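Coordinates in review
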Amino acid sequence: MRYFIIWLILLSACNTDKYMQTRRYPATDNFLDTFLNAHAAMLGPVFADPDAYHLQIMYTRIDRDAQNRPHFRDYRYRVDAGRYFYPASTVKLAGAALALEKLNDLHIEGLSRNTPMFSDSLAGITPAVQRDTTAPNGLPSIAHYIKKILLVSDNDAFNRLYEFLGQEEINQRLRQKGFRGAQIRHRTGMWLEAEKERHTNAVRFEDQGRVLYTQPPRYSRLTFSPRHDSAGKAYYNRRRELVNRPMDFSERNRLPLEEAHRLLRSIIFPESVTKERRFRLTDDDYEFLYRCMSQLPAEAAYPAYDTAEFYPAYVKFLLFGGDRHLQIPPGIRIFNKPGWAYGFLTDVAYIADFANQVEFMVSATVYVNKDGIIGERYNYNDIGKPFMKTLGKLLYEYELQRKRQHRPDLSRFKLIYTEEPSTNKLANTYNQIK
């Protein structure tokens, strides 16, 4: 509580009547432009040159009615589905929701997200998985993969969900739900030819030796609409040779910011989405996702994370900037999914302050690669994360003082995070290149 009070005092010291009065920001479509320009000096080089940093921002103001039903007002800054950015690990949230949905759609008695799932190997692509020493029972499962994805953005965990779903099914299901700009074409943290990404492993689910479901190896015959996406001025290829032309992203994953924002909203507020476009999840599924999205690495017993490497704000960019030294106030939870790779830094977040009954959504993406060479060095820590932190803080400060007719009841998102102490002493050493 002491950290929370100190943090609020520091935030309030930054407020001024000149910029932070609600009456200065009427609910018009240019609200976000006006708001950001009023704080241009604080937003630094990214906002000073949004073209160079490929900046896109989407903010959703949430107001509740007397029955606590949420009503949304979206504001956009430079959001453009035609302006490509590499989504990196933000696509993993879609994989998590779709994997839970597929389990439900199978309608197999005894099959659940906690049922052990075993993956066969694919020659030249991925090895088999028969155990998971970070799980309480030492066995891999959909639930444990999702937990690792949302806690620290684990690459291998997502890749196993990708194989369970298959490239064709992932994209077909997303299109059915209205995410027509999305193309999830490959695993993460690997560099495979596009043809290999069409192949997915055989999997089976077993419960105490009883096979509940088997799925053979699959091959995706999906045809993707052609693209001409590129980034950078030069890049290093797989052989670490410098290629002096922009890197081709036409066969890489794609998830426009507005669709990523809408995906998050459909999970946080499923009742705001039509039945046809809603994920077919149970209330327990949603609570599980909320817990994993907002849990901090130190609060997990399985896996037992090394908190020196996976500190509280490790994957919390908006508002907390991924700051290694920051103590997150206990009254605030961020339900989010970030991604960072090739110089692109993205975060989509629902932020809830239970102490002050404040909630809002914000998503942003920036390209922080000053020398323009992909595969060399990026400016995540000195430019990207500080910008995300400031953007989230400014919107949070605004939300703190914004007048609401009805205070939100956020009890749905108040969760218990305590887990039994882990007996697993192994620190995670997974590839964390997002």
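Shown above is the structure to which this text applies.
A short tour of the structure in this document, coming up. (Residues numbered from 1 in each chain as written. Predicted model: local features only at pLDDT ≥ 70, side-chain atom pairs only at ≥ 80, totals over all residues. Heavy atoms only, no water.)

**Some thoughts on the overall build of the chain**
The secondary structure content of the chain amounts to twelve helices and 15 strands. Each of the 434 residues in the chain was classed as buried or not, and the buried ones make up 57%. Considering only contacts in the chain between residues 6 or more positions apart, those separated by 24 or more positions represent 70%. Surface accessibility of the chain: about 18,700 Å² in total, with carbon and sulfur atoms responsible for 50%. (Helix = DSSP H or I, 4+ residues; strand = E, 2+ residues; numbered from the N terminus. Buried < 20%, exposed > 50% of the residue type's maximum accessible area, 1.4 Å probe, protein only. Contact = heavy atoms within 4.5 Å. Areas by Shrake-Rupley, 256 points an atom, 1.4 Å probe, with all protein chains shown as cover.)

**Some points on the packing of aromatic side chains**
The tally for this structure, following the rule as stated, stands at 32 aromatic pairs. Between F269 and Y350 the ring centres are 5.4 Å apart and the planes differ by 85°, which places this aromatic pair in the edge-to-face class. Of this pair, F269 sits in the loop between α10 (257-268) and α11 (283-294) while Y350 sits in strand β13 (residues 344-353); the two residues are 81 residues apart in sequence, bridging distant segments of the chain. One exposure class covers both F269 and Y350, and it is buried. Taking NZ or CZ as reference, R185 lies 4.2 Å from the ring centre of F224, over its face. Residue placement shows R333 over the ring face of Y417; its charged tip is 3.7 Å from the ring centre. (Phe/Tyr/Trp six-rings, centres within 6.5 Å; stacked < 30°, edge-to-face > 60°. Lys NZ or Arg CZ within 6 Å of the ring centre and 35° of its normal.)

**Remarks on the nonpolar core**
Counting residues in hydrophobic clusters, the biggest one holds 74 residues, and the most contacted among them are I142, I146, F164, F249, I267, I268 and Y350. Residues within four places of I146 in sequence aside, it is in contact with A96, L100, L161, F288 and L289. Counting 50 residues, the second largest nonpolar core, distinct from the first, contains F31, V152, F310 and L318. (Core = buried A, V, L, I, M, F, W, Y, C linked by side-chain atoms within 4.5 Å.)

**Examining the sheet that holds strand β15 (residues 373-374)**
What the three strands build is an open sheet, ordered β10-β9-β15; its pairing is mixed. Of all the strands in the sheet, the pair left with one neighbour each is β10 (242-243) and β15. Here strand β9 (residues 234-236) pairs with β15 via two bridges, running parallel. Bridge pairing in β15 links Y235 to I374. (Pairing = 2+ DSSP bridges.)

**Here we look at the packing of helix α5 (residues 91-106) against helix α7 (residues 155-165)**
Relative orientation of the contacting elements α5 and α7 amounts to 45°, with a least axis distance of 9 Å. Considered as vectors, α5 and α7 are oriented oblique to each other. Read as a crossing pair, α5 and α7 show a hand that is left-handed. Taken together, the residues of α7 that come into contact with α5 (itself represented by V91, K92, G95, A96, L98, A99, K102 and L103) are N155, F158, L161, F164 and L165. Of the residues in the contact of α5 with α7, the class split is nine nonpolar, two polar and two charged. (Axes fitted to C-alpha atoms, helices over the stretch in contact; angles between N-to-C directions. Parallel < 35°, antiparallel > 145°, perpendicular 65-115°, else oblique. Left-handed = near helix turned anticlockwise from the far one by under 90°. Nonpolar A, V, L, I, M, F, W, Y, C, P; charged D, E, K, R; others polar.)

**Focus on the packing of α5 against helix α8 (residues 167-176)**
Where α5 contacts α8, the two axes come as close as 11 Å, and the packing angle between them is 95°. In terms of orientation, α5 lies roughly perpendicular with respect to α8. Contacts between α5 and α8 involve A94, L98, E101, K102 and D105 from the first element and E169, I170, R173 and L174 from the second. When its residues are assigned to classes, the contact of α5 with α8 shows four nonpolar, no polar and five charged.

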